[in-house]
Amino acid sequence: MNRVASATTTSSTQHARADVLTHLQRLEAESIQIFREVVAECDKPVMLYSIGKDSSVLLHLARKAFYPAPPPFPLLHVDTTWKFKAMYAFRDRMARESGMELLVHVNPEGLAQGIGPITHGSQVHTDVMKTQGLKQALDKYGFDAAFGGARRDEEKSRAKERVFSFRSAAHRWDPKNQRPELWNLYNTRKGKGESIRVFPISNWTELDVWQYIYLEGIPIVPLYLAAPRPVVERDGMLIMVDDERLPLKAGEKPEMKTVRFRTLGCYPLTGAIESEADTLPKIIQEMLLTTTSERQGRLIDHDAAGSMEKKKQEGYF
Amino acid sequence: MSHKSELIARDIEGYLTAHEHKSLLRFITCGSVDDGKSTLIGRLLYESKMVFEDQFAALEADSKKVGTRGGEIDFALLVDGLAAEREQGITIDVAYRFFSTERRKFIVADTPGHEQYTRNMVTGASTADLAVILIDARKGVLTQTRRHSFLVSLLGIRRIVLAINKMDLVGYAEDVFRTILQEYHDFAAQVGLTDITAIPLSAVYGDNILEPGPNMPWYHGPTLMQHLETVEVGEEDSGKPFRLPVQWVNRPNHEFRGFAGLIASGTVRPGDRIRVAPSGRESRVARIVTAGGDLERAVAGQSVTLTLDSEIDVSRGDVIGAADAPPQVADQFEATIVWMHDAPLLQGRDYLVKIGTRTASATIAPLKYKINVNTLEHLAAETLELNDIGVCELKLDRPIPFAPYGEDHTLGGFILIDRLTNATLGAGLLHFALWRSQNVHWQALDVNQATRARQKGQRACVLWLTGLSGAGKSTIANLVEKRLLSMGRHTYLLDGDNVRHGLNKDLGFTAQDRVENIRRVAEVSKLMVDAGLIVLVSFISPFRAERRMARELLAPGEFLEVFVDTPLAEAERRDVKGLYQKARRGELKHFTGVDSPYEAPEHPEIHLETTSTSPEQAADRIVAFLTEAGMLSPT
């Protein structure tokens, strides 16, 4: 991580030398504008913090938007208890450094029932611990706006979502009844109990996110960088043995392989890739030359066609 | 791809430096249903290698299952995102796509051609630098082509690519291309579009997408991608005055007070003299603060935080502008409105308007005309329906900083919001301020409401009785007025039926006329309150929005809403005037409670349930309320 942090010392997106802004400068300015608009018009915003690279960029932009003040809202992590250990350590460090309050919510019913990805499968685990957990947390604290790091280039149903995405009091998304969004004018008004999911980096691509992390020296979880790690191969995916909760099947033996993660979720659901990319430029290089899309490492999208759209209608971010 | 891959593999840092400095082109694609928009965008993504192997495998499978190309690769499936679209085989919402080439990064708004979804096209056009308008070579210029061209022009897009697609289905014939181009030019000139690049294409086979291909040797212009990569981008910002709509006042402690926002136009440096609109106060820029250090200069498009060298009052919604060229301020405008909602526009209704970082109350009246987008004819109109475009006068409740949309999209573009449903109803573009708004000033008179009311030994207010026909409003209002009169108070009763015989005899009972009916009564009550009277208004006034409008015309505490609550069945049983019977027989249209809704008050000052309260008791309660509220003694 030190190497990442020291990769750039001065921020080149800050200084506009010419009047034509680069695409990253335009994206950054738009994102900051979105953050400020929400804080100016909503009663109780929160930032959903998932610890991944998109969350890292989101947090960085939020800090820029309100500098020299800290962002005037807390971070919320809806925890499934199955994240990588390195993610928890990183989360706590970032909360400390940003001076923001960190709220952690675990679905107490899911916890009591012992819901987990290994025993209950990805679908049940994601629904109970993430989707239901998120709704519980939003209701519990009464947040009326929640920032998320979703991007339109991630997945087909996301390409049509607004920057300001309205949810009914039951947290449902109605893709056929979205408000038109013109210019950078956002209608933030909502009825009692309704809330908004706000996506400040909607227009960023995966490459933009990586490039911005590189240029701005934004800290990320070390799991994104290649290192020798113990893995087993399952259903064509490399699963890291992060703790003793991963039961090994007959004949399975963890092997040390040099791997990294393109996307970070719950460790038994997130496949690693074999890679030698141990610096940010190498990660970007690998990403550009690769031939499979980002979310392929996640089991969640494989369930059925249109599965993400269904999950979103039910309240998944 | 191969060239790009080589650079990435050989010199990733060099590639990143190049990518960092790429410019951004935002464009929209629009056209009629089945012009092949989705296929074209799918093809652009595929050709610029934005489609990964796993997506391609899924595409192959989908093409066999639901494709429309007999099992061949159907590129449209790459971009038809929502499940509902797959079933119907049409694009139903605006979607954003991203791709980049060696020269540029692109954001594409994929906008539908379906007539009822025109609002989405306007949405996509609002942020675009260029428009690609698709035409099916077999069909030529259609109604939708005209509509989209007009909208694109209206929203300030000047650069047009006319993509004449499906050339493969007309034998790649040059004369077909020429005929369509001529027809389009004739129309485009009428809407002010002159910068047109026409390209003959086959999105399905890839002709003139990246490479010219062998089929149209008669065409010597650029391919679509060549054009998109090289066309000039960016607004001409040089020379425009500095404008910063204040989004957020940043006050982390007593020492720091920063004004944050996205610069709408111009340039700013520390030391620049600024003027704040609408207050007119002046100061100088002290610092341009960002997390990466103070800036020496900031330009349009940057999000910054300014501090000033003197403490002056600046709030969200204000605009900080150059002192020698400050923004204009006005409260009445001529504007174009694009209506985007199922519920039609009601003239005179109180809407919210959001412009820049400011939200204000607005009414639209009169609606001057609507525009037939096929012929550009101006048609008389009472209302605007979904996808209608009209020109109107817009009146705000307070003066705001603004600019004509043609000069500044941020200070000239606005959205209209419904106060009750919070829906975005439409978008608008300011043309200019009306002469009178800058020249007619309110006369401050020496004798005012307070002196007039004091003379009468009371405080002026409006008792607004609302409820169904036959609820007992007029009976109760009469009793209240008699009691107040006997107490020596000065009153006036405005009754729905009576007012309709005179002041409002030109109005019927459509939703539009009901709004106007209430608006006039509210304005008359306001004048009477100014005269120091206690005004009783007895009107069905079925819509919350209009009652709210009346409330907002008056000072806080002057509007007292009295809900005369009689269940529909009871009112219909009484049917004093025989109107319910007529309405049920269909002889009376738009009758509240029968075929027109009644929106009950949510928080009335006085709630009278007539099934358990006699008219006399009701009148007592109202008088008691006035006494307790101090309305019957002078201030």
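Residues numbered from 1 in each chain as written. Chains lettered and ligands numbered in written order. Predicted model: local features only at pLDDT ≥ 70, side-chain atom pairs only at ≥ 80, totals over all residues. Heavy atoms only, no water.

Considering the overall build of chain A
Keep this limit in mind: For helices the rule is a DSSP run of H or I covering at least 4 residues; for strands it is a run of E covering at least 2, with both sets numbered from the N terminus onward. The rule is simple: take the accessible area with a 1.4 Å probe, protein chains only, and divide by the maximum for that residue type; under 20% is buried, over 50% is exposed, in between is partly exposed. Contact between two residues is taken to exist if any of their heavy atoms lie within 4.5 Å; hydrogens are not considered. Accessible surface is estimated by sampling points in the Shrake-Rupley manner with a 1.4 Å probe; for residues, cover comes only from the protein chains shown.
Within chain A one finds nine helices and ten strands. With 317 residues in all, chain A has 64% of them scored as buried. For chain A, the proportion of contacts with a sequence separation of at least 24, taken over those separated by at least 6, is 73%. Counting only carbon and sulfur atoms, one obtains 51% of the accessible surface of chain A, whose full area is about 11,700 Å².

Brief notes about the side chain of B:Ser23
Heads up, the rule is: Contacts described as polar in this section are N or O atom pairs within 3.5 Å, which, within protein, must combine one atom able to donate a hydrogen with one able to accept it, while residues neighboring in sequence count only if both atoms come from side chains.
Looking at the element boundaries, B:Ser23 is found in strand β1 (residues 23–30). At 3.2 Å, the side chain of B:Ser23 and the side chain of B:Arg104 are in polar contact. For B:Ser23, the residues in contact, after removing those within four places along its chain, are A:His23, B:Arg103, B:Arg104, B:Lys105 and B:Val233.

Describing the nonpolar core
Cut-off, in case you're wondering: By nonpolar core we mean a set of buried residues, namely Ala, Val, Leu, Ile, Met, Phe, Trp, Tyr and Cys, connected to one another through side-chain atoms within 4.5 Å. Segment limits for the domains were obtained from an automatic or database-derived domain assignment.
Core analysis: the largest hydrophobic core is formed by 80 residues, its most contacted members being B:Phe27, B:Ile28, B:Leu162, B:Met167 and B:Tyr184. Each of domain 1 (7–230) and domain 3 (330–439) of chain B accounts for three or more of the residues forming this core.

Quick word on the sheet that holds strand β3 (residues 104–110) of chain B
In a beta sheet, neighbouring strands pair by backbone hydrogen bonds and run either parallel or antiparallel. All names here are of chain B. Applied cut-off: Between any two strands, pairing holds if DSSP finds at least two bridges. Interaxial angles span 0 to 180 degrees and are taken between N-to-C directions of axes, which are lines fitted to C-alpha atoms, for helices over the stretch in contact.
Taking strand neighbours across the sheet as the criterion, the six strands line up as β2-β3-β1-β4-β5-β6 in an open arrangement whose pairing is mixed. Looking at which strands have only one partner, the edges of the open sheet turn out to be β2 (95–100) and β6 (195–200). For this sheet, the mean angle separating the axes of adjacent strands, direction not counted, is 25 degrees. The pairing of β1 with strand β4 (residues 130–136) spans four bridges and is classified as parallel. Residue pairing for β4: Cys 30 is matched across the bridge by Ile 133.

Digging into the packing of helix α6 (residues 118–126) of chain B against helix α7 (residues 143–154) of chain B
All names here are of chain B. Our working rule: Helix crossings get a hand from a simple test, with the near helix turned counterclockwise from the far one by less than a right angle marking a left-handed crossing and a clockwise turn marking a right-handed one. Charged residues are taken to be Asp, Glu, Lys and Arg, nonpolar residues to be Ala, Val, Leu, Ile, Met, Phe, Trp, Tyr, Cys and Pro, and polar residues to be all remaining types, Gly included.
Two numbers describe how α6 lies on α7: the axes approach to 10 Å, and their chain directions differ by 35 degrees. Crossing angle aside, the handedness with which α6 passes α7 is right-handed. Residue-level contacts link Thr 118, Met 121 and Val 122 of α6 to Arg 147, His 148, Leu 151 and Val 152 of α7. Here the contact of α6 with α7 is built from residues that sort into four nonpolar, two polar and one charged.

A word on the environment of A:Val209
All names here are of chain A. Along the chain, Val 209 falls in helix α7 (residues 206–216). For the pair formed by Val 209 and Ser 56, sequence separation is 153 residues and the distance between their alpha carbons is 9.4 Å. Apart from residues lying up to four places away in sequence, Val 209 is in contact with Lys 53, Asp 54, Val 57, Arg 151 and Trp 204.

Some thoughts on the confidence of the model for chain B
Residue and element names in this part refer to chain B. Using the following cut-off: Scored from 0 to 100, pLDDT records how confident the predictor is in each individual residue.
For chain B, the mean per-residue pLDDT works out to 87, and 89% of the residues sit at or above 70. Taken together, the stretch residues 439–444 has pLDDT below 50 and engages in zero contacts with residues farther than four places along the chain or on a different chain. Interface scoring of the predicted complex returns ipTM 0.87; its pTM is 0.79.

Section: the packing of α7(A) against helix α8 (residues 280–289) of chain A
Residues and elements named next belong to chain A. Definition in use: Here the word oblique covers every angle except those under 35 degrees (roughly parallel), over 145 (roughly antiparallel) and from 65 to 115 (roughly perpendicular).
α8 packs onto α7 with a crossing angle of 170 degrees between their chain directions and a minimal axis gap of 10 Å. Comparing their axes, α8 and α7 come out roughly antiparallel. Two secondary-structure elements touch here, α7 through Glu 206, Leu 207, Trp 210, Gln 211, Ile 213 and Tyr 214 and α8 through Leu 280, Pro 281, Ile 283, Ile 284, Met 287 and Leu 288. Of the residues assigned to the contact of α7 with α8, the class counts are ten nonpolar, one polar and one charged.

Topic: α7(B)
Residues and elements named next belong to chain B. The cut-off we apply is this: An expected span of 1.5 Å times one less than the residue number is assigned to each helix.
Here α7 is twelve residues long and its end C-alpha atoms lie 16 Å apart, about the 16 Å a rise of 1.5 Å per residue gives. Summarising burial for α7: ten of the twelve residues are buried, a large majority. Buried within α7 we find Gln 144, Thr 145, Arg 147, His 148, Ser 149, Phe 150, Leu 151, Val 152, Ser 153 and Leu 154. Of the residues one or two after α7, Gly 156 is the one with positive phi, at around 90 degrees.

Structural notes on the domain arrangement of chain B
Residue and element names in this part refer to chain B. Defined as follows: A 1.4 Å probe defines the accessible area here, and the buried area is the portion of it lost by two parts on being joined, summed over both. In the sections that follow, a salt bridge refers to a side-chain nitrogen of Lys or Arg positioned within 4 Å of a carboxyl oxygen of Asp or Glu.
Under the domain assignment, chain B is made up of domain 1 (7–230), domain 2 (237–322), domain 3 (330–439) and domain 4 (449–628). Placing a centre on the C-alpha atoms of domain 3 and another on those of domain 4 gives a separation of 30 Å. Listed by partner, the interface residues are eleven residues for domain 3 and twelve residues for domain 4. Summed over both partners, the interface of domain 3 with domain 4 comes to about 960 Å²; 54% of that surface belongs to carbon and sulfur atoms. Counting the surface domain 3 buries against domain 4, the share from its top three residues, Arg 349, Arg 419 and Leu 420, is 51%. Our count for the contact surface shared by domain 3 and domain 4 stands at two salt bridges. Along the lines of polarity and charge, the residues of the side of domain 3 that touches domain 4 split into three nonpolar, four polar and four charged.

Considerations on the packing of aromatic side chains
Residue and element names in this part refer to chain B. Basically, it comes down to this: The rule is short: rings of Phe, Tyr and Trp, with Trp giving its six-membered ring, pair when the centres are within 6.5 Å, and they are stacked under 30 degrees, edge-to-face over 60, tilted in between.
Inspection of the entire model under this criterion finds 22 aromatic pairs over all chains. Arranged with centres 4.9 Å apart and planes meeting at 85 degrees, the rings of Tyr 580 and Phe 591 form a pair that is edge-to-face. Of the two residues, Tyr 580 sits in helix α18 (residues 579–584) while Phe 591 sits in the loop between α18 and β27 (606–609), which places them eleven residues apart along the sequence. Summarising the burial analysis for this pair, Tyr 580 and Phe 591 share the class buried.

Re a negative patch on the surface
All names here are of chain A. Applicable threshold: Each patch is built from salt-bridge-free residues with over 30% relative accessible area, joining like charges within 9 Å and nonpolar side chains (Val, Leu, Ile, Met, Phe, Trp, Tyr) within 5 Å. Positive: Lys, Arg. Negative: Asp, Glu. His and the chain ends are not part of the count. Note on charges: their place is set at NZ of Lys, CZ of Arg, CG of Asp or CD of Glu.
A cluster of like negative charges, contributed by Glu 233, Glu 255, Glu 274 and Glu 276, occupies part of the molecular surface. Relative to the helices and strands, Glu 255 is located in strand β9 (residues 255–260). What makes Glu 255 partly exposed here is its relative accessible area of 46%.

Quick word on the sheet that holds strand β24 (residues 491–495) of chain B
All names here are of chain B. Strand order in the open sheet made by the five strands is β24-β25-β23-β26-β27, with parallel pairing throughout. Only two strands of the sheet have a single neighbouring strand rather than two, namely β24 and β27. Along the sheet, successive strands turn relative to each other by an average axial angle of 15 degrees, direction set aside. When strand β23 (residues 461–466) meets strand β25 (residues 534–538), the two strands line up parallel, connected through five bridges. Opposite Leu 463, over in β25, you have Leu 536 as the bridge partner. Relative to the sheet, helix α15 (residues 511–530) contacts β23, β24 and β25, its axis offset from that of β23 by approximately 150 degrees. Along the sheet face, helix α19 (residues 615–628) touches β23, β26 (559–565) and β27 and points at about 170 degrees away from the line of β27.

Some details on the confidence of the model for chain A
Residues and elements named next belong to chain A. In this model, chain A carries an average pLDDT of 84, and 84% of its residues clear a pLDDT of 70 or more. Contacts of residues 1–18 to residues separated by more than four positions or lying in other chains number 43 contacts, the stretch itself having pLDDT below 50. Predicted confidence for residues 298–306 stays below pLDDT 50, and this span has 22 contacts to residues more than four positions away or in other chains.

Some remarks on the pairing of β23(B)
Residue and element names in this part refer to chain B. Counting buried positions along β23 yields six of six residues, so the element is predominantly enclosed. Residues Cys 461, Leu 463 and Leu 465 point to one face of β23 and Val 462, Trp 464 and Thr 466 to the other, with burial holding for every one of them. Here β23 runs beside β26; their pairing, made up of five bridges, is parallel. Following the sheet pairing, Trp 464 is matched in β26 by Glu 561.

Notes on the pairing of β24(B)
All names here are of chain B. In terms of burial, β24 is a largely internal element, four of the five residues being buried. Here β24 runs beside β25; their pairing, made up of five bridges, is parallel. Across the sheet, residue Thr 491 finds its bridge partner in β25, namely Ile 534.

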